[in-house]
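Residue-level listing of the chains:
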Amino acid sequence: QVQLVESGGGLVQAGGSLRLSCAASGRTFSSYHMGWFRQAPGKEREFVAHISWSGRSTYYVDSVKGRFTISRDNAKNTVYLQMISLKPEDTAVYYCAARSLTTVARTWGKESDYDYWGQGTQVTVSS
């Protein structure tokens with residue numbers, strides 16, 4: 001069991017930057033792979049980024065490659081999403097998600113690949 005709380009969202013102008021944080025509590029943080037998803041109004045929740053338990057492996061959706069960076073600090077029980085060159089289409093509620101190392105999953109880009117979710121933080125990019 002792990003509890004996730006996102007923070008760092010806000011309103012920025014196109015081309016600006018934000019860093020989202022996801023603080024975890026409960027079981028050992030390093031026992032989970034972590035991911036970020038986002039959901040825009042009227043749209044389905046979509047995968048954004050994934051990082052393995054060790055931080056050695058990362059994966060991004062094509063639309064954010066080169067602009068977003070996922071990282072983690074296991075000593076601080078926190079995963080981050082650094083976002084630069086933000087675009088209006090990045091506007092969404094961003095959710096942090098965790099997947100147990102014992103969970104059987106063939107992929108990392110689907111909601112069903114993760115076991116626990118935060119409640120989200122709003123990111124709004126103005127044009």
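The preceding data block contains the structure.
As the structure is a prediction and not an experimental result, all values here were calculated from the model.

Enquirer: Let's hear about the overall build of the protein chain: which residues, and what values?
Expert: Broken down by element type, the protein chain carries zero helices and eleven strands. Counting from the amino terminus, the protein chain carries its helices and strands in the arrangement β-β-β-β-β-β-β-β-β-β-β. Taken over the C-alpha trace, the protein chain has a radius of gyration of 14 Å; the compact-globule value for 127 residues is 14 Å, and the two agree within 12%. The buried share of the protein chain, taken over its 127 residues, is 39%. When contacts within the protein chain are restricted to residue pairs at least 6 apart in sequence, those whose partners lie at least 24 apart make up 58%. Total accessible area computed for the protein chain in this model is approximately 6700 Å², and 46% of it derives from carbon and sulfur atoms. Within the protein chain, the 10 negative side-chain charges are centred at a point lying 6 Å from the centre of the 14 positive side-chain charges.

Enquirer: Break down the sheet that holds strand β8 (residues 78-83) for me, citing the residues and quoting the values.
Expert: Ordered by their spatial adjacency, four strands build an open sheet running β1-β3-β8-β7, and the pairing between neighbours is antiparallel. The outermost strands of the open sheet, each flanked by one partner alone, are β1 (2-7) and β7 (68-73). Across the sheet, the mean angle separating the axes of adjacent strands is 15° when strand polarity is ignored. By the bridge criterion, six bridges tie strand β3 (residues 18-26) to β8 in an arrangement that is antiparallel. Within β8, the residue paired with L20 across the bridge is L81.

Enquirer: So what about the side chain of S100? Which residues, and what values?
Expert: Structurally, S100 can be placed in strand β9 (residues 92-100). With near-sequence residues (within four places) excluded, S100 lies in contact with S31, Y32 and D115.

Enquirer: Account for the pattern of salt bridges, naming residues and giving values.
Expert: With the rule as written, the count across this model stands at four salt bridges. Between E46 and R38 there is a salt bridge; the shortest N-O distance is 2.6 Å. You can call E46 partly exposed: its relative accessible area is 32%. Three or more residues are tied together by salt bridges with common partners; here these are R38, E46, R67 and D90.

Enquirer: Give me the lowdown on unusual backbone geometry, citing residues and values where you can.
Expert: Positioned with a positive phi, N77 is a non-glycine residue whose angle comes to about 55°. Secondary-structure assignment places N77 in the loop between β7 and β8. Exposure remark for N77: the relative accessible area of 31% places this residue in the partly exposed category.

Enquirer: Please set out the nonpolar core residue by residue, giving values where relevant.
Expert: Counting 28 residues, the largest nonpolar core has M34, W36, V79, L81, M83 and Y94 as its most contacted members. Of all the secondary-structure elements, those providing two or more residues to this core are β1, β3, β4 (32-39), β5 (46-51), β7, β8, β9 and β11 (121-126). Contact partners of Y94, with chain neighbours within four places excluded, come to E6, L20, W36, F37, R38, V48, F68, L81, M83, G120, T121 and V123.

Enquirer: Mind laying out the side chain of H50, listing which residues take part and the relevant values?
Expert: Counting through the fold element by element, H50 comes out in strand β5. In this structure H50 comes out as buried when scored by relative accessible area, which is 7%. A distance of 2.8 Å separates a polar atom in the side chain of H50 from a polar atom in the side chain of Y114.

Parameters at a glance
- Residues numbered from 1 in each chain as written.
- Predicted model: local features only at pLDDT ≥ 70, side-chain atom pairs only at ≥ 80, totals over all residues.
- Heavy atoms only, no water.
- Helix = DSSP H or I, 4+ residues; strand = E, 2+ residues; numbered from the N terminus.
- Rg over C-alpha atoms; globule rule 2.2 N^0.38 Å.
- Buried < 20%, exposed > 50% of the residue type's maximum accessible area, 1.4 Å probe, protein only.
- Contact = heavy atoms within 4.5 Å.
- Areas by Shrake-Rupley, 256 points an atom, 1.4 Å probe, with all protein chains shown as cover.
- Lys, Arg positive; Asp, Glu negative; His and termini not counted.
- Charge placed at Lys NZ, Arg CZ, Asp CG, Glu CD.
- Pairing = 2+ DSSP bridges.
- Axes fitted to C-alpha atoms, helices over the stretch in contact; angles between N-to-C directions.
- Salt bridge = Lys/Arg side-chain N within 4 Å of Asp/Glu carboxyl O.
- Core = buried A, V, L, I, M, F, W, Y, C linked by side-chain atoms within 4.5 Å.
- Polar contact = N/O pair within 3.5 Å; in protein donor to acceptor, adjacent residues only side chain to side chain.

These figures capture arrangement, not role.
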